[in-house]
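Summary of structural features
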Amino acid sequence: MQGRISDFPFPVLMGFFATTKKSGSLEVRCSEESGLLWFAEGKPVHATCRNYVGLTALKHILSWSEGSFRFSRGTAPTIRTIYLSTEEAISLAQELRTKKNKC
């Protein structure tokens, strides 16, 4: 699965992953920045972006309103750094989307 953030905003993507209980990694690119989010059964469990890890990286990536993404099924992180419920993650994505940070 791949697409543009402007067509599939993070609240929509995260809702889809939660509903379908997807596991894998989401590579996100915006201009010259990139980040990775890992999901286990639809929940975000780890994120990296720049020198950020965990919740800080997740917040940074979720603030992007432009860019592209590609989901790869089955990949798993070696550590877990995010402990949010599905509802908390979607709520965070909705909150950060209002800030509309391009990258």
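As a reminder, the structure under discussion sits directly above these lines.
Cut-offs used in this document
- Residues numbered from 1 in each chain as written.
- Predicted model: local features only at pLDDT ≥ 70, side-chain atom pairs only at ≥ 80, totals over all residues.
- Heavy atoms only, no water.
- Core = buried A, V, L, I, M, F, W, Y, C linked by side-chain atoms within 4.5 Å.
- Buried < 20%, exposed > 50% of the residue type's maximum accessible area, 1.4 Å probe, protein only.
- Helix = DSSP H or I, 4+ residues; strand = E, 2+ residues; numbered from the N terminus.
- Contact = heavy atoms within 4.5 Å.
- Phe/Tyr/Trp six-rings, centres within 6.5 Å; stacked < 30°, edge-to-face > 60°.
- Salt bridge = Lys/Arg side-chain N within 4 Å of Asp/Glu carboxyl O.
- Axes fitted to C-alpha atoms, helices over the stretch in contact; angles between N-to-C directions.
- Parallel < 35°, antiparallel > 145°, perpendicular 65-115°, else oblique.
- Left-handed = near helix turned anticlockwise from the far one by under 90°.
- Nonpolar A, V, L, I, M, F, W, Y, C, P; charged D, E, K, R; others polar.

The next thing to look at is the nonpolar core. One finds Phe 10, Leu 26, Val 28, Leu 58 and Leu 62 to be the most contacted residues of the largest nonpolar core, which totals 25 residues. Every element with two or more residues in this core is listed here: helix H1 (10-20), strand E2 (24-30), strand E3 (33-40), strand E4 (43-49), helix H2 (55-62), strand E6 (68-73) and helix H3 (86-97). Ignoring anything within four residues of it in the chain, the contact list for Val 28 reads Ile 5, Phe 10, Glu 33, Ser 34, Gly 35, Ile 61, Trp 64, Ser 68 and Phe 69.

Let us look at the packing of aromatic side chains. Counted under the stated rule, the structure contains 4 aromatic pairs. Judged by centre distance (6.1 Å) and plane angle (90°), the rings of Phe 8 and Phe 69 are edge-to-face. Residue Phe 8 is located in the loop between strand E1 (2-4) and H1, and its partner Phe 69 is located in strand E6; the two are separated by 61 residues in the primary sequence. For Phe 8, a relative accessible area of 36% puts it in the partly exposed group. Site record: aromatic cluster; members linked through ring pairs are Phe 16, Phe 17, Phe 39 and Phe 71.

Let's shift gears to H2. Along H2, the residues that are buried comprise Ala 57, Leu 58, His 60, Ile 61 and Leu 62. Residues of H2 that are buried sit in contact with H1, E2, E3, E4, strand E5 (52-53) and H3.

This brings us to the pattern of salt bridges. Per the counting criterion, the structure on display carries 3 salt bridges. The salt bridge partner of Arg 29 is Glu 27, with a shortest N-O separation of 2.7 Å. Looking at Arg 29, the relative accessible area reads 43%, which means it is partly exposed. Its relative accessible area of 18% is what places Glu 27 among the buried residues. A salt bridge links Glu 33 to Arg 50, with the nearest nitrogen and oxygen atoms 2.8 Å apart. Residue Glu 33 is found in strand E3, and its partner Arg 50 is found in the loop between E4 and E5; the two are separated by 17 residues along the sequence. Exposure remark for Glu 33: the relative accessible area of 15% places this residue in the buried category. Taken together, the salt bridges that share partners define one network made up of Glu 27, Arg 29 and Arg 70.

Where H1 meets H3, the axes come as close as 8 Å, and the angle between the chain directions of the two elements is 165°. When the interaxial angle is binned, H1 and H3 end up roughly antiparallel. Considering how the two elements wind past one another, H1 and H3 form a crossing that is right-handed. The residues of H3 that touch H1, namely those facing Phe 10, Pro 11, Met 14, Gly 15 and Ala 18, are Thr 86, Ala 89, Ile 90, Ala 93, Gln 94 and Arg 97. Split into classes, the residues belonging to the contact of H1 with H3 amount to 7 nonpolar, 3 polar and 1 charged.

Contact pair H2 / H3: the axes reach a minimum separation of 9 Å and the direction vectors enclose 50°. In this view, H2 runs oblique relative to H3, as classed from their interaxial angle. Regarding H2 and H3, the two cross each other, and that crossing is right-handed. Of H3, the residues touching H2 (which contributes Leu 55, Leu 58, Lys 59 and Leu 62) are Leu 92, Ala 93, Leu 96 and Arg 97.

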